[in-house]
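Remarks on the overall topology
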Amino acid sequence: MAENETRDSPLSLPEELPPQPVEQVTSINGNDDNDQSMADAHNPKEDSDSDSDSDTESDSDDEAQLNLQIQTLEAELSNNPSNYDAHVQYIRALRKQGDVEKLRQAREAMSALFPLSPELWREWARDETTLSSGPEALPAIEQLYERGVLDYLSVDLWCDYINFVQEYDPLVRECSANGISKARNLFERAVIAAGLHVAEGSRIYEAYREFEQAIALTIGETDIESREKQVQLIRNLFFRQLSVPLANLRSTLLTYKTWEAEQGSTLGVDPNSLDGLPSNVASAYQKALDLLNARTHFEEQIARKDIPDDERLQKFMTYLNFEQSMGDPARVQILYERAMTDFPIYADLWLDYTRYLDKTIKTSSTVKAVYSRATRNCPWVGELWVRYLLHLERVHASEEELSTVFEKSLQCTFSSYDEYLDLFLTRVDGLRRRISSTSKTEDCLNYDLIRDVFKRASDYLSPHLKNTDSLLRMYSYWARLESKLGKDIVAARGVWENLLKISGSMLGAWEGYIAVEVAEGHINEARSLYKRCYTKKFSGTGSEDICHSWLRFEREHGSLEDFDIAVQKVTPRLEELQLFRTQQETKSAGSSDQRETMKKTPREKRKLHSDLTEDQSPAKRRKNMSQNLKMTNEKDQVEAAESVEKSKVEVVSTKPESASKRETNDQSPRKPKHYNDQCTAFVSNIGIQATYEDLRAFFSDVGGVVAIRILTDKFTGKSRGLAYVDFSDDAHLAAALAKNKKNLLGKKVSIARSDPQQSKKKGTFGPKSTSKHGVGDNQSANAGQSDSKDSASRPKEHSGSQAQVNSQKSRDERVELKGKNTFAVPRAVRPLGWSSEKPGGTEGDGDEKPKSNDEFRKMFLKK
């Protein structure tokens, strides 16, 4: 928005320049011109000697500051030539300084990059006219005006151009035949370009009439025929203007009637009366007046300067929709040009304009000029360049012109790499169509041009579009053209191989390559591609899809042997993928449940527990808590055992060849395999890089190895540095234990006999277990450090005795308050008179009632 405001704002001359001499103040229009001349910078007034010393010092400071500003702007433009505001400021500074040559260079440099605003063109032309207005400078200044009227629609610039030609062209000024023809051609061009401008188009007609009236004055009274012809020409100009809906249409009618009165006709002076006008002129005038009334509201809206640009642009769009509904392409085009002058860098507006021209005009040279201006105003819009190339191809432009536009587009900066890709592909499309055309093509066209475009696109876009459908589309198109248009299947395969190097993890790249080979009937090549990619990891279900695709391919194109080989290779891969997916789903489900649990507030958790226990007695609650604790411990032990079993994967066993064949041929269900832990060694501190073959080689001098199990992490699949090695007998196991602390792959491994029963007993009677006789903490620790054989030699009855003690303790803690005078008995403290032993010596009976106070009194009296 800021850039738009800067580019659209009128650029006035600096006020610091001295005023123009009197002879240069009068402009071409005959009005006072406040713009200051470039010549003034070289012609200071002679009375400067009267200036004071302070004024001289001030001028020196201003000059130093101006030089510093120019140097700063030059450095900025050297680093960033596309800085529009810096160009404008640089031109203003040079104009103020009076350096003519540098000013011309600065203007040419800016014009090469940007279209200049009408004000900048007018300023440039006026400066050049002031510096040199002789006949030798006439062509150069006219060329400036010609360049200016092509950038934007400006009635002011057209009027300046016309006035300059009338003022400084000797042929026109002398009203020679060639001069009159030149002026009339210029006027007709101006009418075509701006004659339908509702607000300002009348200025062109008025200037045209004034020129023709001036010619009429040069015709002698005796040349009646020529004079009548000139009068009729002026009358036709009036009729043309009265038939166009322009501002001040009624005043134009009044001017016409006044002019007719001068010619001797009496039409009256009433602007509302059409009496005396030819019928066709009267009807055309009435139609134009109706059209003007329908547009007056829209003109008032777009002429407002007190509203934001976005709102004003919306007013233009509403006006354009109205004109398009009226169906007059010329009026629509003029209105678009007016909008472009006010909003030159609104890309959507240029896109709408070019789209409308493509639909209504198509092959006109005007469309080509509009596309050229659109890409200069909005070079960052890739779609404009694409449509420009298509239009050039549509009008059969030369290869040189197409190549020039294409190269210019590649120098622009777009918002996405897909825009660059679209541009490259558009260029390839045009070359393909022209090369494949049945008509005679240009001699310079051949397939090498297409290959060169593809190579440039690949070099630039591949790093940025890696693993994208856009890059796959480009390479697929390239490979197809190499095969069909270039007739080189080897080059086509090379294109696919390059894509696989860039985007080998993309399933679509492999599928596209395979599809091409299948379509060409190259079955072996397609099968080779399947073998290369079926083990690769693709996103989503791509890994499974490529496996199923291979099976389908062999079923449709291969032999039975080929199909069996594919099944043999694909089946383990599918099982592996299914296992991995199941683990991921289980892990995801567990995480989801955990998140749901964490979402519950503590209050909800307490409420849930309260609902379960609020109706239970205290003794019942303690019993349930004890049972829940026991069940939790048992569950943890079971889960731990299951986790260990899941960690043991892929047992490598040595079998006779005949046995392996029998197992392969046997299709009956197999029973799960059980390992004999009596002859198993537990090996730890193994390097994670160690494999089954490494372990087998390590125990090769011992012999008797039956099976090897390396424990791996169930999620990552990596080795945990632990393994079980089964041996055929105790002798081989003993020999293996003798290799304890030997080096395996640079690490000293630990080897011990595996005894799962001992581990289970340690879990039951651990260091923290307490016996019936009350073993303390220190004693428990010592017991835990003793030899495991002592723990294994304990009788099984000990377990039952320990359970009985725990049961007795649980019953003793459930104290009930009974008795008439018994009160305030602590929950975990036995009251006086409470006995845990019956007369028979048994304990654990919790049915004895507490003694009352009277019974205590009697008991003491007896003693």
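As a reminder, the structure under discussion sits directly above these lines.
Here's what I pulled together on the structure shown here. Note that the coordinates shown come from a computational prediction; the quantities given were computed from them, not determined experimentally. (Residues numbered from 1 in each chain as written. Predicted model: local features only at pLDDT ≥ 70, side-chain atom pairs only at ≥ 80, totals over all residues. Heavy atoms only, no water.)

**A few points about the pairing of strand S2 (residues 680–684)**
S2 sits mainly inside the fold: four of its five residues count as buried. Note that S2 and strand S4 (residues 719–727) share four bridges and pair antiparallel. Within the sheet, the bridge partner assigned to valine 683 lies in S4 and is alanine 723. Both S2 and strand S7 (residues 750–753) contribute to a ladder of four bridges, which runs antiparallel. Of the residues in S7, the one forming a bridge with alanine 681 is arginine 753. (Buried < 20%, exposed > 50% of the residue type's maximum accessible area, 1.4 Å probe, protein only. Helix = DSSP H or I, 4+ residues; strand = E, 2+ residues; numbered from the N terminus. Pairing = 2+ DSSP bridges.)

**Brief notes about the environment of leucine 242**
Looking at the secondary structure, you find leucine 242 in helix H12 (residues 224–242). Classification of leucine 242 as buried rests on a relative accessible area of 1%. Once the C-alpha coordinates of leucine 242 and alanine 282 are considered, the two residues, 40 residues apart in sequence, prove to be 8.8 Å apart. If we ignore the near neighbours within four places in the chain, the residues touching leucine 242 are Leu249, Thr252, Leu253, Tyr256, Ala284, Tyr285 and Ala288. (Contact = heavy atoms within 4.5 Å.)

**A closer look at the nonpolar core**
Among the nonpolar cores identified, the biggest contains 106 residues, and Tyr256, Tyr336, Leu349, Trp350, Leu423, Phe454 and Met474 are the most heavily contacted of them. If we skip the residues at most four places from it in the chain, tryptophan 350 touches Met340, Pro344, Val370, Arg373, Ala374, Asn377, Cys378 and Leu384. (Core = buried A, V, L, I, M, F, W, Y, C linked by side-chain atoms within 4.5 Å.)

**Describing the pattern of salt bridges**
The final tally for this structure, using the stated rule, is 48 salt bridges. The partner of arginine 373 in a salt bridge is glutamate 337, with the nearest N and O atoms 2.7 Å apart. Taken together, the residues arginine 373 in helix H18 (residues 365–377) and glutamate 337 in helix H16 (residues 329–342) connect sequence positions 36 residues apart. Note on glutamate 337: relative accessible area 9%, which makes it buried. Across the pair arginine 527 and glutamate 554 runs a salt bridge whose closest N-O atoms are separated by 2.7 Å. Of this pair, arginine 527 sits in helix H26 (residues 523–533) while glutamate 554 sits in helix H27 (residues 542–557), and the two are 27 residues apart along the sequence. Per residue, the accessibility class of arginine 527 equals that of glutamate 554, and both read buried. (Salt bridge = Lys/Arg side-chain N within 4 Å of Asp/Glu carboxyl O.)

**Some words on unusual backbone geometry**
At lysine 741, a position not held by glycine, the phi torsion is positive, near 70°. When you line up the elements, lysine 741 lands in the loop between helix H33 (730–737) and strand S5 (743–744). Although it is not a glycine, leucine 745 sits at a positive phi angle of roughly 55°. Structurally, the position occupied by leucine 745 is in the loop between S5 and strand S6 (747–748).

**Notes on helix H11 (residues 201–217)**
Compared with an ideal rise of 1.5 Å per residue, which puts 17 residues at 24 Å, H11 spans 25 Å between its outermost C-alpha atoms and is within 8% of the ideal. Those residues of H11 lying buried are Gly201, Ser202, Ile204, Tyr205, Ala207, Tyr208, Arg209, Phe211, Glu212, Ile215 and Ala216. (Expected span 1.5 Å × (residues − 1).)

**Looking at the environment of asparagine 272**
Mapping asparagine 272 onto the fold places it in the loop between helix H13 (249–262) and helix H14 (279–302). The spacing of asparagine 272 and leucine 254 is 18 residues in sequence and 8.9 Å in space, taken between C-alpha atoms.

**Here's the deal with the pairing of S4**
With respect to burial, S4 is a largely interior element, seven of its nine residues being buried. As defined by bridge partners, strand S3 (residues 705–712) adjoins S4 across seven bridges and the pair is classed as antiparallel. Pairing of alanine 707 across the sheet is with aspartate 726, part of S4. Taking the residues that link successive antiparallel strands as the turn, the S3-S4 hairpin has six residues, and the phi of glycine 717 there is positive, at about 75°.

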